[in-house]
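Observations on the three-dimensional arrangement
Spelled out, the chains give:
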Amino acid sequence: MSSNNNDEKPWPSIIIGILMIFVALGLYIYLGNIESEGGRHKMMWLVVLLYKAFGKVGTAIFFAAVGVYYIRKGVLGLMRSED
């Protein structure tokens, strides 16, 4: 058995990855609405920095990439645990 706790339980990583992809989709829609409506909105500082640097698409891609990373990590953990 592996001493790393994350390798023993891959499902939380897969679930986090799926949730991050939903966050990316939600942010893309939310930022699109903000762009069309204008005005002042409160957002987390990380989202604001990503949006200012990369725009709506770049921000969504960042969160989706984090999601894909966690899904991949979970799937690889599942494959290792079945050996």
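Please refer to the structure higher up on the page.
Residues numbered from 1 in each chain as written. Predicted model: local features only at pLDDT ≥ 70, side-chain atom pairs only at ≥ 80, totals over all residues. Heavy atoms only, no water.

Thoughts on the overall build of the chain
- Broken down by element type, the chain carries three helices and zero strands.
- Ordered by position from the N terminus, the helices and strands of the chain form the series α-α-α.
- Looking at the chain as a whole, 25% of its 83 residues are labelled buried.
- Sequence separation of at least 24 residues holds for 68% of the intrachain contacts in the chain that already meet a minimum separation of 6.
- Put simply, the chain shows about 6200 Å² of open surface, and 66% of that area lies on carbon and sulfur atoms. (Helix = DSSP H or I, 4+ residues; strand = E, 2+ residues; numbered from the N terminus. Buried < 20%, exposed > 50% of the residue type's maximum accessible area, 1.4 Å probe, protein only. Contact = heavy atoms within 4.5 Å. Areas by Shrake-Rupley, 256 points an atom, 1.4 Å probe, with all protein chains shown as cover.)

Regarding the packing of aromatic side chains
- In this structure the tally under the stated criterion is two aromatic pairs.
- Ring centres of F62 and F63 lie 5.4 Å apart, and the angle between their planes is 90 degrees; on these two criteria the pair is classed as edge-to-face.
- For F63, a relative accessible area of 10% gives the class buried.
- Pairing Y69 with Y70 gives two aromatic rings, centres 5.4 Å apart and planes at 80 degrees, and the pair type is edge-to-face.
- The ring centre of Y28 lies 4.7 Å from the NZ or CZ of K56, which sits over that ring. (Phe/Tyr/Trp six-rings, centres within 6.5 Å; stacked < 30°, edge-to-face > 60°. Lys NZ or Arg CZ within 6 Å of the ring centre and 35° of its normal.)

Describing a nonpolar patch on the surface
- Together, W11, I15, I18, L19, F22, L25, Y28, I29, V57 and I61 make up an exposed nonpolar region whose accessible area comes to about 1000 Å².
- Of all the elements in the fold, those that place two or more residues in the nonpolar patch are helix 2 (11–37) and helix 3 (45–81).
- With eight residues, the single largest contributor to the nonpolar patch is helix 2.
- Here F22 shows up in helix 2. (Patch = residues over 30% accessible without salt bridge, like charges linked within 9 Å, V, L, I, M, F, W, Y side chains within 5 Å. Salt bridge = Lys/Arg side-chain N within 4 Å of Asp/Glu carboxyl O.)

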